[in-house]
Amino acid sequence: MVHKLSLKSLLQTADREHNPLAMSDEQILEQIYSTHVHSDTKFDVDSLFTLVYTTLRRSTSIVDSFFEGSKSMMEHIDDKMPLANFSSPHCTLKQISFEMCCKPPGEETAHKTALVILNKLSNYEWDGKAVITLAAFALEYGDFWLLAHHQPTDLLAKSVAVLKRVPLLTRPEYAQKHRQAIIEVNNLVKATLQVIELIFELEKFSSYDTKDVPALVPAREHIPVDVYWAIITVVTIVTQIDCLTTQSEKKQELYQYGQKLNFILGRLGKQITLCRHEIEEAEYYRKLRKLFQTPTEIMEVFKVLVFSKDAPQPLFDCATKTTIDIEVLKRKHVYLFISTLDITEEEISVLRAVHESIKTDEQYKIVWVPIVEEWTENLRKKFEVLKAKMQWYVVQHFGSIAGYKYIKEEWHFKKSPMVVVLNPQGKVQHTNAFHLIQAYGMKAFPFTSVEEERIHNEIHWVGPVVGDIHSNIDTWIREQKYIFFYGGKDKEWIQQFSKTAAALANDPIIKDLRISIELFCVEKEDKNLFSRFWNRIESLFVTKAHKAVDSAKQEVQRMLCYKYESGWALLSKGSSVVASGHGSTILKTVTEFDKWKEVVRKKGFETSFREYHERIVRSTHRCAQFEIQNIAGKLPEAIKCPDCPRIMDIFITYKCCHNDNNNVVISSSNDAH
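Residues numbered from 1 in each chain as written. Predicted model: local features only at pLDDT ≥ 70, side-chain atom pairs only at ≥ 80, totals over all residues. Heavy atoms only, no water.

K.L.:
Help me understand the overall build of the protein chain, please; the structure alone is not making it clear to me.
P.N.:
From N to C terminus, the protein chain includes 27 helices and 14 strands. Pairs at least 24 apart in sequence give 72% of the contacts found in the protein chain among residues at least 6 apart. Within the structure as shown, the protein chain displays about 33500 Å² of accessible surface, and the carbon and sulfur contribution to it stands at 51%. (Helix = DSSP H or I, 4+ residues; strand = E, 2+ residues; numbered from the N terminus. Contact = heavy atoms within 4.5 Å. Areas by Shrake-Rupley, 256 points an atom, 1.4 Å probe, with all protein chains shown as cover.)

Dropping the structure here:
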C-alpha cells in the first residue's frame, strides 16, 4: 500500500514537472533558459513582425465577420509593409509549423512542443523566438482564412480549401456547432499578438540606461517567461484548430491560457506605462541639465524647472498681495528659495534681510519654491500662513514641482532650505547660498561662488558672522576689544566662569595695561539669539566644508565641537579669534591667571593667553565631536580633526522629536588624539 502511494505521488510530481499550468515562473525559467544560446544571430525581426501583424489582424477580422456577424473592419486596418529587400525565413517557419501541427491535446504535450521550438530557435533573441513562432502560425492561419474568404467565388481557392479542411469549419452546420470554440481561438490569437506587440515595445526601450529607467530591469527579467507563454499558447491554438478540423472528440482547453495571457498583458501594460513615464522623466532631466549648461533666458529655465509641460502659473507677489506674470523674471538675477513647508521663522528671516536690501534694485528677485510631494487642505493652509510672512515672489503651483528630481539629485536638496543663485542667462552661480547668506548676510552679496571664495580667504570671521546678533558686540568689535563669548549646558560652570573672567578683566595688571575685556554669555540671552549664534556658526562651517583646511576653518569646526558641552568659551580680539576651548581648559586658564599674568607685561595678553591655554590642552585628552543637520548640499566624506591631523569618524544619528521637524544628524568624532 505504501509502495502504491509512493508511486502515485511520484507520478503526480512528474506530471507537475511537465504541466506548465502547475509550474511557477521560476521553474519555467529554469527549463527554458537552458535552451537559450547567447549569440550574434541577426535577422530583420521588425519586418517579420510587421508582416505577422498585418496577416493576423486581417485574418482575425475575417473570423469576426464570419462568426460574429460584425461588419468587416479590414478597411480600417493600418497595413504596414516590410522593407522591399526583406527575405522571409521560410524554411525556418515551415520547420516550426511542422513541430506544432497534428499534436494530441494536453498541457504536457504543449510544454514539450514549446521546449522543442525553443531549442530549434536557441540562437535567436527572445523577441525573435516569439515572432518566428507566431509567423509560422500566421502562415497557416492566414492561409486558412484567406481560402475561407475566397472559396465561394474562386474555384482554386475552393479546391485548396477542401484539402485544408476549411469547409469543416465554415459550412453553416459546422460553423454553428463550433462557433464558440472558433471565437475563443480567434480571441486568443489576438491576445497572443498583443503580448508579442508589447514585448516588442519593451525591447525598443533597451537603448536606455537602467539607471534612468529602473522599471526596465523587472520588465526585461520577465520577457523569457512571457515569450514561453506566447509560444505555448500558439501551440495550443494549433492543436485546437486541428481538433476542430478533424472533428475529434478531444479538445484542447484554452481558457487557462487566455487567463495567463490577460495577466501578462496587464503586467506588461503597467510596466510599459511606468517605463514611458521614467523615459519621459529622463528626457526631461537631460533637457533641464542642458538648459543649465547652455545660456538661456532665465524665465525659460524657470518655466521648465517648475512647470515643465504644465501651463505656467502666475507668481504671487507677497509685497502687493497680487499675482504677477513670470515675465517679471526676464533678464533678472534670481534667488530660488527652495524649501519644504517646515521652514522656521528664523530661516525666513535670513531672506528677509536680503529682500530689504535689494527690493529697490529691479535686477534681483527672490522666488520661494515650496516643495510638497502631495498637497492636502491642511498643507494649503500652512502654505498660506508661511506666504503671509514673506515679501517676495512665491510659486503658487499646487502640483509637484517638475524639476524636483533634478533639485534633489543635482543640487542635493534634502529637508533644509536652500538658495540657488541664477544669473539672467539661467546659469547657476551658487547651488546653495543659504548658509553663505545666514553666516555673512549682505556682506556676501551677490552670493555667488566667487564671492564665497573671496570671503573664505578672510581669516577674521567673528565680526561678519556674529557681530550683528547684539548691538554691544558690533561696538566692541569696532573698538578692537577682547571679548569672551561663552556658554554651555552647565549653569554652575557658567556662573563660575562669569565670576572668574570678570575678576580677570578687573585685575590691576589688566587695568594698568589698559586692556579692555568684555563678557558675552550666549546662554543667558534669549533663545532666538542663542539659535542665531549657533546657526551662523554651523552655516559658516558649511561654506568652508569643501575648502582647504586653514586656521579659520579649524576654529569654526572646533566651535561646533563645543556646542553641546557643559561649558565652552571663545576669546576674540575684535573680529579675530585668539583662542577657543572646552569649559575645563578655558576655565583653568582664566582661574590660573596669577601663574601667567606677569608674562602679559612682556608678551601681551593675546599671546600669553593662547600659549598658557595650549599648554593646558596638551596635558588633557578630549575627543573632538560635533553634529550637523543633514543639510541641503553635499558634505565632504572626509573631515580632518580640528585638533590633530587624523580624519574624523562619521556616525549618522536618526532623531525624532515627535513633531514635523525630525532630522537626520551627521556626527563626526575623533577620539584618537
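K.L.:
What's the story with the sheet that holds strand β2 (residues 322-324) in this structure? I'm lost.
P.N.:
The strands making up a sheet are joined through hydrogen bonds of the backbone, oriented either antiparallel or parallel. Strand order in the open sheet formed by seven strands is β2-β1-β5-β4-β3-β6-β7, and the pairing between neighbours is mixed. Edge positions in the sheet fall to β2 and β7 (428-430), since each has one partner strand and no second. When strand polarity is set aside, the average angle formed by the axes of neighbouring strands in this sheet is 35°. With five bridges connecting them, strand β3 (residues 333-339) and strand β6 (residues 418-422) associate as antiparallel partners. Paired with Tyr335 across the bridge in β6 is Val421. This element, helix α15 (residues 377-387), spans β1 (315-317), β4 (364-370) and β5 (393-395) of the sheet and lies at about 160° to β4. (Pairing = 2+ DSSP bridges. Axes fitted to C-alpha atoms, helices over the stretch in contact; angles between N-to-C directions.)

K.L.:
Please clarify how the nonpolar core should be interpreted in this entry.
P.N.:
Generally speaking, a soluble globular protein has its nonpolar side chains buried in company with each other. Ranked by internal contacts, the top residues of the largest apolar core, which has 78 residues, are Leu56, Met100, Phe137, Tyr141, Trp145, Leu202 and Trp229. Core analysis: the second largest hydrophobic core is formed by 61 residues, Val350, Val372, Ile483 and Trp534 among them. (Core = buried A, V, L, I, M, F, W, Y, C linked by side-chain atoms within 4.5 Å. Buried < 20%, exposed > 50% of the residue type's maximum accessible area, 1.4 Å probe, protein only.)

K.L.:
I'm lost on the pattern of salt bridges in this one. Help?
P.N.:
Pairing between side chains of opposite charge can happen when their charged atoms approach one another. On inspection of all chains with the given rule, the structure shows 28 salt bridges. Asp594 is paired through a salt bridge with Lys597; the nearest N and O atoms lie 3.1 Å apart. Placement of the pair is Asp594 and Lys597 together in helix α26 (residues 593-603), with a separation of three residues, close to one helical turn. The class for Asp594 is exposed, based on a relative accessible area of 56%. (Salt bridge = Lys/Arg side-chain N within 4 Å of Asp/Glu carboxyl O.)

K.L.:
Mind showing me how you'd approach unusual backbone geometry here?
P.N.:
With the exception of glycine, most residues fall at negative phi, and the peptide bonds are largely trans. Going from Phe445 to Pro446, the amide bond is cis rather than trans, its omega being 10°. Within the secondary structure layout, Pro446 lies in the loop between α17 (434-440) and α18 (449-456). Positive phi values are uncommon outside glycine, yet Phe447 reaches one of about 70°. Assignment of secondary structure puts Phe447 in the loop between α17 and α18. When its relative accessible area of 0% is taken as the criterion, Phe447 is described as buried.

K.L.:
Help me understand the environment of Gln313, please; the structure alone is not making it clear to me.
P.N.:
Inspection of the secondary structure puts Gln313 in the loop between α13 (298-306) and β1. When its relative accessible area of 34% is taken as the criterion, Gln313 is described as partly exposed. Separated by 84 residues in the primary sequence, Gln313 and His397 have C-alpha atoms spaced 6.7 Å apart. Apart from residues no more than four positions distant in its own chain, Gln313 is found in contact with Phe307, Ile326, Gln396 and His397.

K.L.:
I'm lost on the pairing of strand β11 (residues 576-582) in this one. Help?
P.N.:
Sheet faces and side chains relate simply in a regular strand, where the side chains alternate between the two faces. Among the seven residues of β11, seven are classified as buried, and the element is accordingly described as predominantly covered. In this structure, strand β10 (residues 568-573) lies alongside β11, joined through six bridges in antiparallel fashion. The residue of β11 that forms the bridge with Leu570 is Ser580. Hairpin remark: β10 followed by β11, antiparallel, with two residues in the connecting loop; positive phi at Gly574, about 65°.

K.L.:
Got a minute to help me understand helix α11 (residues 223-245) in this structure?
P.N.:
Every α-helix carries 3.6 residues per turn, so stepping three or four residues along brings you back to the same face. In a regular helix each residue adds 1.5 Å, so 23 residues correspond to 33 Å; α11 covers 33 Å between its end C-alpha atoms and thus fits that length. Of all 23 residues in α11, 23 are buried; the element is thus mostly enclosed. Among the residues trailing α11, Gln247 stands out with phi positive, at a value near 60°. (Expected span 1.5 Å × (residues − 1).)

K.L.:
Please explain the packing of aromatic side chains as it appears in this structure.
P.N.:
Think of a pair of aromatic rings as described by two things: how far the centres are apart, and how the planes are tilted against each other in angle. For the structure on display, the rule yields 36 aromatic pairs. Both rings, one in Trp596 and one in Phe605, keep their centres 6.1 Å apart while their planes meet at 35°; by these two values the pair is tilted. The same class applies to Trp596 and to Phe605, which are both buried. Through pairs of rings, three or more aromatic residues link up here, namely Tyr482, Phe484, Tyr486, Trp493, Phe497, Phe593, Trp596, Phe605, Phe609 and Tyr612. (Phe/Tyr/Trp six-rings, centres within 6.5 Å; stacked < 30°, edge-to-face > 60°.)

K.L.:
Please clarify how the side chain of Lys544 should be interpreted in this entry.
P.N.:
Relative to the assigned elements, Lys544 resides in helix α23 (residues 527-544). Beyond its immediate stretch of four places on either side in the chain, Lys544 contacts Tyr440, His456, Glu458, Ala552 and Lys553.

K.L.:
Sorry, what's going on with the sheet that holds β11 here?
P.N.:
A sheet is described by the order of its strands in space; here four strands give the open sequence β9-β8-β10-β11, paired in mixed fashion. This sheet does not close on itself; its edge strands, each paired only once, are β9 (517-521) and β11. The average undirected angle you get between the axes of adjacent strands in this sheet is 15°. Across the face of the sheet, helix α25 (residues 583-591) comes into contact with β8 (482-487), β10 and β11 while running at roughly 115° to β11. Against the sheet, helix α27 (residues 605-618) contacts β8, β9, β10 and β11, and its axis sits at roughly 25° relative to β11.

K.L.:
Help me out: how do you make sense of the packing of helix α12 (residues 255-293) against α13 in this one?
P.N.:
Two numbers describe a pair of packed helices, the interaxial angle and the distance between the axes. Packing of α12 against α13 leaves a shortest axis separation of 10 Å and a crossing angle of 155°. By the angle class used here, α12 and α13 are roughly antiparallel. Seen from above, α12 lies across α13 with left-handed handedness. Of the residues in α13, those in contact with Tyr284, Lys287, Leu288, Leu291 and Phe292 of α12 are Val301, Val304 and Leu305. Looking at side-chain class alone, the contact of α12 with α13 contains seven nonpolar, no polar and one charged residues. (Parallel < 35°, antiparallel > 145°, perpendicular 65-115°, else oblique. Left-handed = near helix turned anticlockwise from the far one by under 90°. Nonpolar A, V, L, I, M, F, W, Y, C, P; charged D, E, K, R; others polar.)

K.L.:
Sorry, what's going on with the environment of Leu288 here?
P.N.:
One can find Leu288 in helix α12. Considering only alpha carbons, one finds Leu288 and Leu305, 17 residues apart in sequence, at a separation of 6.9 Å. Look past the residues within four positions of Leu288 in its chain and what remains in contact with it is Val304, Leu305, Gly403 and Tyr406.

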